[in-house]
Amino acid sequence: MSKPFALPPLPYDKSALAPVISAQTLEFHYGKHHQAYIDKLNALVRDTPFEAQSLEEIIVATTDKPERASIFNNAAQAWNHAFYWRSLGARGGGEPGGRLLELIRGSWGDYASFRAQLAKAASEHFGSGWAWVVLDSGRISCMTTANAEVPFTRGRTPLLTIDVWEHAYYLDYQNRRSDHVVAVLDKLVNWRFAEENLESARSDVAMTA
Ligand code: FE
């Protein structure tokens, strides 16, 4: 039975993130790039056992398997982009709250130092990829992954992500990735989404403890 993956609805209007991320960027990034990952994945898994699996299951099953690289890349990019849209929102930015802020202060002293490290990691990542805030052994950490790679195949729980592929910012910022990253951090990041991911990760740990 065919169960094609579908492009998840964008959680806001295409003009909601302007001027940092313009409606034109979203037309291409969401409407063309994200859609293309979904379309290619559906074509690749058709009539295979992967068709019955979730995106996460496909990603875990195909990671580090060169012969499955196309399926991995398209499944992981479909997952990453769905997570990325939810990591952003109009009137975002500022400091997170709750337990997330407590953990950040515990490791960095204050939010400003954490923000500086995340901005540096995202700006300096070489080539295409993703900057992440993750939960790693009970601590908040910043990391980047190359191309389509995801943190959860390496034992880290993703809380928030920033797409640093050129297609994420080139129409609005051309080569100025670091200006784009700072604007995303100050105006668009949805810390509420990260706080919710942290809470579900902690309740998962509590349930399996
Ligand atoms: Fe992207």
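Each chain has its residues counted from 1, running along the sequence as written. For a predicted model such as this one, the threshold for reporting local features is a pLDDT of at least 70, and the threshold for listing and counting side-chain atom pairs is 80 or more; totals across whole chains, interfaces and linings nevertheless cover every residue. In computing side-chain properties, one takes all heavy atoms of the structure into account and sets aside hydrogens as well as water.

A. Broad picture of the coordination of the iron ion. Here a donor is any nitrogen, oxygen or sulfur atom (N, O, S) within 2.8 Å of the metal, with 3.2 Å used for Na, K and Ca; water is not among the atoms considered, so some sites may look incomplete. Distances from the iron ion to its protein donors, namely His29 (NE2), His81 (NE2), Asp163 (OD) and His167 (NE2), fall within the range 1.9 to 2.1 Å. Around the iron ion, the four donor atoms sit at angles spanning 89 to 129 degrees, and that spread fits a shape best called tetrahedral. Here the donor residues of the iron ion are spaced in sequence according to H-x51-H-x81-D-x3-H. Taken as a pair, His29 in helix α1 (residues 23-45) and Asp163 in strand β3 (residues 157-163) lie far apart in primary sequence, 134 residues in all. When accessible area is computed with a 1.4 Å probe and restricted to protein chains, residues below 20% of their type maximum are described as buried, those above 50% as exposed, and intermediate ones as partly exposed. According to the relative accessible area criterion, His29 is buried, its value standing at 1%. Accessibility expressed as a relative area gives 0% for Asp163, which makes it buried. Tetrahedral means four donors with every angle between 85 and 135 degrees, whereas square planar (four donors) and octahedral (six donors) require angles over 155 degrees between opposite donors and between 65 and 115 for all others; sites fitting neither are termed irregular. Secondary structure elements follow DSSP: runs of H or I of four or more residues count as helices, runs of E of two or more count as strands, with numbering from the N terminus.

B. Looking closely at helix α4 (residues 98-108). When we look at burial in α4, the residues that qualify are Leu100, Leu101, Leu103, Ile104 and Trp108. In a view along the axis of α4, the buried residues occupy a sector of 160 degrees, so they form one face of it. For α4, exposure combined with an orientation more than 90 degrees from the buried face picks out Gly98 and Gly106. Following α4 by one or two positions, Gly109 adopts a phi angle in the positive range, close to 95 degrees. Note that the arc is computed from the directions linking the helix axis to the C-beta atoms.

C. Region of the structure containing the environment of Asn73. With respect to the helices and strands, the residue Asn73 is situated in helix α3 (residues 69-87). Judged by relative accessible area, Asn73 falls into the partly exposed class, the value being 35%. Between the C-alpha atoms of Asn73 and Ser137, which are 64 residues apart in sequence, the distance is 26 Å.

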